[in-house]
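Report on the structure
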Amino acid sequence: MRGVVKRFGALEVLRGIDLTIERGEVVVLCGPSGSGKSTLLRCINGLEAIALGEVIVEGEHVRSKGSKLDTLNPRIGMVFQAFNLFPHLTILQNLILAPTMVLKVPRAEAIERARALLARVGIEQKADAFPDMLSGGQQQRAAIARALAMNPELMLFDEPTSALDPEMIHEVLDVMRDLAHEGMTMVIVTHEMGFAREVASRVVFMDEGLIVEQAKPDAFFSKPREERTKQFIGKILAR
Amino acid sequence: MRGVVKRFGALEVLRGIDLTIERGEVVVLCGPSGSGKSTLLRCINGLEAIALGEVIVEGEHVRSKGSKLDTLNPRIGMVFQAFNLFPHLTILQNLILAPTMVLKVPRAEAIERARALLARVGIEQKADAFPDMLSGGQQQRAAIARALAMNPELMLFDEPTSALDPEMIHEVLDVMRDLAHEGMTMVIVTHEMGFAREVASRVVFMDEGLIVEQAKPDAFFSKPREERTKQFIGKILAR
Amino acid sequence: QSMIEEVKERGVIRVGVKNDAPYLGFTDDKGQLDGFEIDLAKDIAKRLGVKIEFEPVKASNRVQLLQQKRIDLIIATVSHYRNRDKVVDFTIPYLYTPQTLLVKKGSGIKTVADLEGKRVGLDAGSGSVKKLPLVQPKVTIQTYQNWPEAFFALQRGLVDAVATDNILLAGLRAAAPNPEEFELLGKAGFYGGGFYAAAVREDDSKSRDAINFLLQDQWRDGTWMTLFNKWLGSESKLKMTLADFGDFTVPDWDD
Amino acid sequence: MNTDFSILWGDPGTLILSGLVVTVKLALCAFALAIIIGVVMGTLRWIGWRAVEPFCWVYIEFCRNTPPVVQLLFWYFSASFVLPMPVFMFLRDFGYEFGAAVIALAFYHGAFYAEVVRAGLNAVPKGQFEAARALGLGFLQSLRRVAFPQAIRVLVPPLVNETTALIKNTSLAMAIGVAEMTFQYRAIDNFMFRGIEALTVITVLYVILCLIAAWLGRLMNGYLSKHLHARNATAIADRQIVGGEIIR
Amino acid sequence: MMDNWARVWTPANWERLLVGDLFNRGEIGGLALTLCIGLLAIAGSTVIGAVVGIMRASDRKALNLPATLYVQSFRNVPLLILVFWAYFLPPVFGIQTSKFLSVLVALTLFTGAYIAEIVQGGIRSVAAANLEAARVLGLTPRQIQFWVVLPQAFFNMLPALAGRYVVSMKNTSLAFLIGLMDLTEIGKQIGARLMTSPVEVYLTILLIYFVVNRGLVMCLRLLENRQSFNRLFLRI
Ligand SMILES: Nc1ncnc2c1ncn2[C@@H]1O[C@H](COP(=O)(O)OP(=O)(O)OP(=O)(O)O)[C@@H](O)[C@H]1O
Ligand SMILES: Nc1ncnc2c1ncn2[C@@H]1O[C@H](COP(=O)(O)OP(=O)(O)OP(=O)(O)O)[C@@H](O)[C@H]1O
Ligand SMILES: [Mg+2]
Ligand SMILES: [Mg+2]
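- In the nomenclature of an unreviewed UniProt entry, chain E corresponds to ABC transmembrane type-1 domain-containing protein from the organism Oceanibaculum pacificum.
- The annotation that UniProt attaches to chain E under Sequence similarities (unreviewed entry) is "Belongs to the binding-protein-dependent transport system permease family. HisMQ subfamily."

1. Side note on the overall build of chain C
- Scanning chain C from terminus to terminus reveals nine helices and twelve strands.
- Here the C-alpha radius of gyration of chain C, 18 Å, is about what a compact globule of 255 residues would show, namely 18 Å.
- Each of the three principal axes of chain C carries a C-alpha extent, and together these read 55 × 40 × 35 Å.
- Counting only residues that meet the buried cut, chain C has 64% of its 255 residues in that class.
- Counting contacts in chain C only where the partners sit at least 6 residues apart, residues at least 24 apart contribute 71% of the total.
- As displayed, chain C has an accessible area near 9,600 Å², and 50% of this comes from carbon and sulfur atoms.
- Of the charged side chains in chain C, 34 are positive and 36 negative; the average position of the first set lies 4 Å away from that of the second.

2. Observations concerning the site of ligand 2
- Neighbouring ligand 2 are 13 residues, the closest being Ser33, Gly34, Lys37, Ser38 and Thr39 of chain B.
- Positioned at a junction of chains, ligand 2 has nearby residues supplied by chains A and B.
- Within the contact set of ligand 2, an oxygen atom lies 3.0 Å away from a backbone nitrogen or oxygen of Gly36 of chain B.
- A distance of 3.1 Å separates an oxygen atom of ligand 2 from a polar atom in the side chain of Glu159 of chain B.
- Protein chains shield 62% of the accessible area of ligand 2, which is 630 Å² for the free molecule.
- For the shell around ligand 2, the secondary-structure elements that each account for two or more residues are strand 2 (11-17) and helix 1 (37-44) of chain B.
- It is helix 1 of chain B that contributes the most residues to the shell around ligand 2, three residues altogether.
- Taken together, the residues that form the shell around ligand 2 break down as four nonpolar, six polar and three charged.

3. Notes on the sheet that holds strand 10 (residues 202-207) of chain B
All names here are of chain B.
- The mixed open sheet is built from six strands, whose spatial order is 7-8-9-3-10-11. Among the strands making up the open sheet, the edge pair consists of strand 7 (76-79) and strand 11 (210-215). In this sheet, neighbouring strand axes are inclined to one another by 20 degrees on average, regardless of whether the strands run parallel or antiparallel.
- Sheet contacts for helix 1: strand 3 (26-30), strand 7, strand 8 (154-158), strand 9 (185-189) and strand 10; angle to strand 8, the most-contacted strand, approximately 155 degrees.

4. Concerning helix 3 (residues 107-120) of chain A
Residues and elements named next belong to chain A.
- In this model helix 3 runs 20 Å from its N-terminal to its C-terminal C-alpha over 14 residues, within 8% of the 20 Å that 1.5 Å per residue would give.
- Those residues of helix 3 lying buried are Ala110, Ile111, Ala114, Leu117 and Leu118. Each buried residue of helix 3 lies within a common arc of 125 degrees when the element is viewed along its axis, so the set occupies one face. Among the exposed residues of helix 3, those oriented more than 90 degrees off its buried face are Ala108 and Glu112.
- Residues of helix 3 that are buried sit in contact with helix 2 (91-102) and helix 4 (136-148).
- Just beyond helix 3, the residue with positive phi is Gly122, at close to 85 degrees.

5. What about the interface of chain E and chain D?
- Chain E puts 43 residues into the contact, and the matching count from chain D is 44 residues.
- The contact between chain E and chain D buries some 3,800 Å² in all, and 74% of this surface belongs to carbon and sulfur atoms.
- When the area that chain E buries against chain D is broken down by residue, the three leading residues are Asn76, Lys170 and Leu206 of chain E, summing to 16%.
- Along the contact surface separating chain E from chain D lie one salt bridge.
- For the pair chain E and chain D, the number of links is nine residue pairs in polar contact (both at pLDDT 80 or more).

6. Observations regarding the site of ligand 1
Residue and element names in this part refer to chain A.
- Neighbouring ligand 1 are twelve residues, the closest being Ser33, Gly34, Lys37, Ser38 and Thr39.
- A distance of 3.0 Å separates an oxygen atom of ligand 1 from a polar backbone atom of Gly36.
- Residue assignment for the shell around ligand 1 shows that the elements contributing at least two residues are strand 2 (11-17) and helix 1 (37-44).
- Ranked by the residues each element gives to the shell around ligand 1, the list is headed by helix 1, at three residues.
- Each residue belonging to the shell around ligand 1 can be placed in one class, and the counts come to four nonpolar, six polar and two charged.

7. Topic: the packing of helix 7 (residues 181-192) of chain D against helix 6 (residues 79-92) of chain E
- Taken N-terminus to C-terminus, the directions of helix 7 of chain D and helix 6 of chain E make an angle of 25 degrees; their axes are 11 Å apart at the nearest point. Our classification of the angle between helix 7 of chain D and helix 6 of chain E gives roughly parallel. As for how helix 7 of chain D packs across helix 6 of chain E, the hand of that crossing is left-handed. Contacts between helix 7 of chain D and helix 6 of chain E pair Thr182, Tyr185, Arg186 and Asp189 of chain D from the former with Leu80, Ile81, Phe84 and Phe88 of chain E from the latter.
- The residue inventory of the contact of helix 7 of chain D with helix 6 of chain E, partitioned by class, reads five nonpolar, one polar and two charged.

8. Considering the arrangement of the chains
- Of all six pairs of chains in contact, the one with the most contacts involves chains D and E.
- Separated in space, chain A and chain C share no contact, their closest pair of C-alpha atoms being 50 Å apart.
- One finds no contact linking chain A with chain D; the least C-alpha distance across the pair is 15 Å.

9. Here's the deal with the UniProt feature "transmembrane region" (unreviewed entry) in chain E
Residues and elements named next belong to chain E.
- Under the UniProt annotation, "transmembrane region" (unreviewed entry) lies at residues 28-55, 67-88, 100-123, 144-167 and 201-223.
- Taken end to end, residues 144-167 is 100% helix and 0% strand, and its two terminal C-alpha atoms sit 32 Å from one another.
- Annotated as residues 201-223, this span is 100% helix and 0% strand, and its ends, taken at the C-alpha atoms, are 34 Å apart.

10. Quick word on the nonpolar core
- Leu24, Phe36, Tyr94, Leu95 and Leu232 of chain C are the most contacted members of the largest nonpolar core, which totals 201 residues.
- Take this core: its biggest share by element is 16 residues, from helix 4 (residues 85-123) of chain D.
- Dropping the residues within four chain positions of it, Phe36 of chain C is found in contact with Tyr23, Leu24, Tyr94, Leu95, Trp224, Leu227, Phe228, Trp231 and Leu232 of chain C.
- By size, the runner-up hydrophobic cluster in this structure holds 56 residues, among which are Met150 and Val204 of chain A together with Ala57 and Val136 of chain E.

11. Details of the pattern of salt bridges
- As enumerated under the stated definition, the model contains 43 salt bridges over all chains in all.
- Between Asp174 of chain A and Arg177 of chain A there is a salt bridge, with the nearest N and O atoms lying 2.7 Å from each other. One end of the pair, Asp174 of chain A, and the other, Arg177 of chain A, are both in helix 5 (residues 166-181), three residues apart, so they sit about a helical turn from each other.
- Take Asp174 of chain A: its relative accessible area is 34%, and that puts it in the partly exposed class.
- For Arg177 of chain A, a relative accessible area of 18% translates into the label buried.
- The salt bridge partner of Glu149 of chain C is Lys188 of chain E, with a shortest N-O separation of 2.1 Å. Remark: Lys188 of chain E occurs in helix 10 (residues 183-194) and Glu149 of chain C occurs in helix 6 (residues 147-155); the pair is interchain, linking two chains.

12. Section: the pairing of strand 10 (residues 202-207) of chain A
Residue and element names in this part refer to chain A.
- The buried fraction of strand 10 amounts to six of the six residues, a majority that puts the element mostly inside the structure.
- With burial as the criterion, each face of strand 10 is covered, one bearing Arg202, Val204 and Met206 and the other bearing Val203, Phe205 and Asp207.
- Sheet topology places strand 3 (residues 26-30) next to strand 10; four bridges connect them, and they run parallel. Across the sheet, residue Val28 finds its bridge partner in strand 10, namely Val203.
- Direction of pairing for strand 10 relative to strand 11 (residues 210-215): antiparallel, over a ladder of five bridges. Of the residues in strand 11, the one forming a bridge with Met206 is Ile211.
- What sits between strand 10 and strand 11 in their antiparallel hairpin is a turn of two residues, with Glu208 showing a positive phi close to 50 degrees.

How each quantity is defined
- Residues numbered from 1 in each chain as written.
- Chains lettered and ligands numbered in written order.
- Predicted model: local features only at pLDDT ≥ 70, side-chain atom pairs only at ≥ 80, totals over all residues.
- Heavy atoms only, no water.
- UniProt positions renumbered as here; feature names shortened; annotations may be inferred.
- Helix = DSSP H or I, 4+ residues; strand = E, 2+ residues; numbered from the N terminus.
- Rg over C-alpha atoms; globule rule 2.2 N^0.38 Å.
- Buried < 20%, exposed > 50% of the residue type's maximum accessible area, 1.4 Å probe, protein only.
- Contact = heavy atoms within 4.5 Å.
- Areas by Shrake-Rupley, 256 points an atom, 1.4 Å probe, with all protein chains shown as cover.
- Lys, Arg positive; Asp, Glu negative; His and termini not counted.
- Charge placed at Lys NZ, Arg CZ, Asp CG, Glu CD.
- Near = heavy atom within 4 Å.
- Polar contact = N/O pair within 3.5 Å; in protein donor to acceptor, adjacent residues only side chain to side chain.
- Nonpolar A, V, L, I, M, F, W, Y, C, P; charged D, E, K, R; others polar.
- Pairing = 2+ DSSP bridges.
- Axes fitted to C-alpha atoms, helices over the stretch in contact; angles between N-to-C directions.
- Expected span 1.5 Å × (residues − 1).
- Arc of directions from axis to C-beta.
- Buried area = accessible area lost by both parts, 1.4 Å probe.
- Salt bridge = Lys/Arg side-chain N within 4 Å of Asp/Glu carboxyl O.
- Parallel < 35°, antiparallel > 145°, perpendicular 65-115°, else oblique.
- Left-handed = near helix turned anticlockwise from the far one by under 90°.
- Core = buried A, V, L, I, M, F, W, Y, C linked by side-chain atoms within 4.5 Å.

And the structure:
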């Protein structure tokens, strides 16, 4: 990802971002609200069109006009803060929809894989429930399973736990931790600093559309270089 | 508050709560989601009717049918998770609405007091802004000021910071800390354990509609007696 | 092509009739159409040698139905007015009726002059809507969808009188469960009169003549008189006499 | 087809004009009464007061499930049974048909307005009313100062919708002989045989009336968004309204 | 009062109210006719409404504009006037229509305009975030439309749709104004025959309408239950 600039009207939200993510890396993005973290994720998978620069995933340019008509790369999974499960489908149907329709996996096989994934995130008994019958934590785990059902090469997480109650945050972080240990490439926006410290291979701190600092998590939390980073860490940890 | 029982249909949400709060105490209520913390607060100021038992504030029974027609005790202030500022009024109008209408304070006097309160919570320059032009932290501080404008004897806080971004949580907790130091009687539902440890005179842990344990904060966090409490503290701090 | 030829070709004549005028054209308890006009129409069809289909019409839509060829013939209490002659062709009359008032007993209304400042109920499409104000300008006209509704209105006190053809009023009164509570004003209340005639489409004299001849035949061979007695005259519940028709005498049709 | 619109300069035109006046009067009176019924009933339902709930339910379900024109006829013919005789006689001489039409239309549309008002109040976040109560504001104060000002933004579009329905339903009053526009059209058709011309004119007039109602609604919405700074409320409005009808 | 009821509630009257002269002369009428018109109009207007609604929700002018024109013109005219048009206009051009057809066409076009608005609103009401979730899974726009937007839109609009269906059922009652033998007209005829007790007659009709429409609402409620709907219609 080189020199990415993104504008909403006159507002320059990303002001030149250079970032390379290796296979198997777990990158945690953090930064104050409005710094452009979500926008960056959305540029990676093409949900937003970029104004300047280029985004290259697996050697291929991500070319998106940011219009609703684009079909996006199914090998980049994304998990949203608000889960965004399809409310009219059961959990199982949520999981098999994309594999059967996009990858043309036979239905039976897709169901089998879906059940395996649900077991993996610990909600196999909820396969036939509708999303709104599940707790937030369960919904988010289902959303992760849905993304995994497409065999993604890269997973993007946009504050996956910030709509959850403290006890449920746990369940979701556990699932993500397992994923990281299995070598999935992940980019995670989160305010859970304990988690970041534990699983991240790199922490990237953004402010006002620029990458201010990036470092290994230990270095990042113990001896941040930039003044802005220090402030931020101070505030987050002071609670 | 003695033997309070509250039911929603068949669901018994509070199953016999005894709790006495002395003047000037700062009680932090914690417990897992759904344990009935919010419901307890709402029973104290009469937003919900209780099924059994009694709630006595300053020697007076709180009698509420829980219907929309009741007028509640204006001397109990309440701050909500979602701020609940009135979006169609400016911050200043939000602050003077209740004093002028309920306490019949003359408008000029109410405005003067309101400005003083806004200064106290650090947002005096936002007096004429509308709520949705403010950040979450500023909104919550305005909500606290609004409650204070009624000269409450008791302030109830229901997760005042959980809808806020990490950086803003701070501002709000600062305001609450000041209040505590000034001797305001407060009941606070929060997951901010650091804050609880610092300002609480007592921590009350609830689970499934019962008070499981209550103790001074130091004792509570360092050597919880009950198994359930240990589990909870473990999970919360493990993050 | 004239209507009469069309009808013979088709083998069916479609006649617009009333279904809410007691004893003239009305639905009986079983929902069957019956009455004086219905029987007249049936007899005409028989003489033409065709089947008959009835189409219930209202005063307010009978002319349009005819113009739009939805029906071939109207026999539905249409009085022969000159302004109507502009849009349909009338046959010779098959009944004359004076127009009068139906009031509640003891209302004090004796003549049209007494209607000053009163409310009168009418069918929205009836000619009296225009005619009554000419006779009595200080009357308030209230219209209804059909005559029985105007009669309910009289019963409930919503209007002070119902004004129309004597024969219709007599039918309404006789069909009511409590006829003794109402009073038909008779001669004193006459404010006009009208010849009921069948109507065919404008500019179709061939058909009109054909119907005219049939109507004359009905007079001659006594069919008309039989039907009159059955529904309106001596054998009927109404027991009407010629006086009720303004001493109207049966004309003598020659060849 | 031989149409001749010039005849409208004569008697038929006068008739239609007098019909228009009656239609407008009828719509305005029924609207005013229906709004009052709607606000009171809607608020009562929103409170969820056990004592009045069944009463409100019966009223609203009755209106929602039975045709307005039959209701109109029913009210008209049964009024003399229901009303005390002196009142009835007074109304009768006063122009009872018009009154009956106003009452029937207001009764019918009041039920729909009530649903709109209730949905509007429900769309105000629950916390808003609770916050007002927690500050010690009384019920009516909270309603007037907090709930209604926010609900009204959500209310306007479905309210306009219901109001156009009301305007259109004034045409049913012809069934009991109120001399409004449709009635006059029927009269012209009956006695002057100029149906198509008259029908064209009154169709246009109805469209204009409905568009005026919609335009007034938009004016009101514009006014409200200028004077009530409430982006939250708009967001709620967008979510709750499908096809101009509030999802109930 | 009691014998008024007895006069209205006779077996013969009930037969006429429910099926008209079906058994005597083979002419359908009363409630049966009302249901015929109502249900046919509901079916027809749903088809029209779905097509026009999708056109309305589209961003393309060529689709959007005619749809808007149709909706705006039919929504702002009283149904009664439309019935008169449908009844009196075709004969002017020498086209024969029946009363039944006139009422049906007017009611279908009228309701279609409303349903188009509901469909459009339903489509627009599907949360944008949900669409993004579908796009992120790599679904094509067409697949998203068919599997994500339309089913969700359907649920969102069901309550409004049910309301509209009931309104159109009620609107069949206007048929009597042009003399079609629907429930209302039969009721009026019975009233005309009895020459009294309109209160009892109208109450009886109101009751029948109420029962039928309440029943319709209850049937539609079943659909609102996502579970049963999912079982019935969605095969993924
Ligand atoms: N669709 C949009 N149109 C206009 N401005 C937008 C849009 N999306 C985001 N922005 C603006 O872009 C900036 C960056 O937004 P972004 O959501 O990327 O921040 P963030 O770092 O994810 O913040 P948060 O922690 O609150 O999620 C913000 O100022 C926001 O207001
Ligand atoms: N109005 C209501 N009707 C029915 N059930 C309710 C209602 N309000 C709360 N409950 C139920 O009562 C229980 C306790 O709710 P309460 O909000 O008091 O929990 P809490 O401890 O505040 O949880 P949280 O941390 O999620 O806010 C929950 O199971 C909830 O589902
Ligand atoms: Mg974000
Ligand atoms: Mg709570």
